[in-house]
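Chain by chain, the residues:
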Amino acid sequence: MSATTVQGIDVSMPEDLASPRAKLVYLYLTANGSATADELRSALDVNKSTVLSITGTLRERGHLERRNGRYELV
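Described in the following lines is the structure provided in the data block. (Residues numbered from 1 in each chain as written. Predicted model: local features only at pLDDT ≥ 70, side-chain atom pairs only at ≥ 80, totals over all residues. Heavy atoms only, no water.)

## A word on the nonpolar core
Counting residues in each nonpolar core, the largest one holds 16 residues, and the members touching the most others are Leu17, Val25, Leu29, Leu40, Leu58 and Tyr71. Elements represented by at least two residues in this core include exactly α1 (20–32), α2 (37–44) and α3 (48–60). By residue number, the principal contributor to this core is α1, which donates 4 residues. Residues within four places of Val25 in sequence aside, it is in contact with Leu40, Leu44, Ile54 and Leu58. (Core = buried A, V, L, I, M, F, W, Y, C linked by side-chain atoms within 4.5 Å. Buried < 20%, exposed > 50% of the residue type's maximum accessible area, 1.4 Å probe, protein only. Helix = DSSP H or I, 4+ residues; strand = E, 2+ residues; numbered from the N terminus. Contact = heavy atoms within 4.5 Å.)

Here is the structure:
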C-alpha cells in the first residue's frame, strides 16, 4: 500500500487497485466512513451497476465489507 495524507486524512491506497473508479470509491469511503450503493452512485455520478461491480471487486479483494446495507472499508 502507498500512503499519502490529504487534508488530515491518511489515505493508504491498496496497490492492487488499478481502476480509477475503484480508487475513487475507495477514497470516497476513506473520507466518508461508509455509504450505500445509491449514495456512492449519486456522489460519484456513476450508474448503479458500475458501483455494484466495483464494490463486489473490492469485497472479493478484502478491502470492503457490507454491513446493514452500507459499504465500509476493512
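## Some details on α2
Every buried residue of α2 is accounted for by Ala37, Leu40 and Leu44. In an axial view of α2, the angular spread of the buried residues amounts to 65°, which keeps them on one side of the axis. At its buried positions, α2 is contacted by α1, β3 (34–35), α3 and β5 (70–73). One or two positions beyond α2, positive phi appears at Asp45, with a value near 55°. (Arc of directions from axis to C-beta.)

## Comments concerning the sheet that holds strand β4 (residues 64–67)
Read across the sheet, 3 strands follow the order β3-β5-β4 without closing on themselves; strand pairing throughout is antiparallel. The open sheet terminates on both sides in strands that have one partner only, identified here as β3 and β4. Pairing of β3 with β5, which is carried by 2 bridges, proceeds in the antiparallel orientation. By the bridge assignment, Ala35 is partnered in β5 with Tyr71. (Pairing = 2+ DSSP bridges.)

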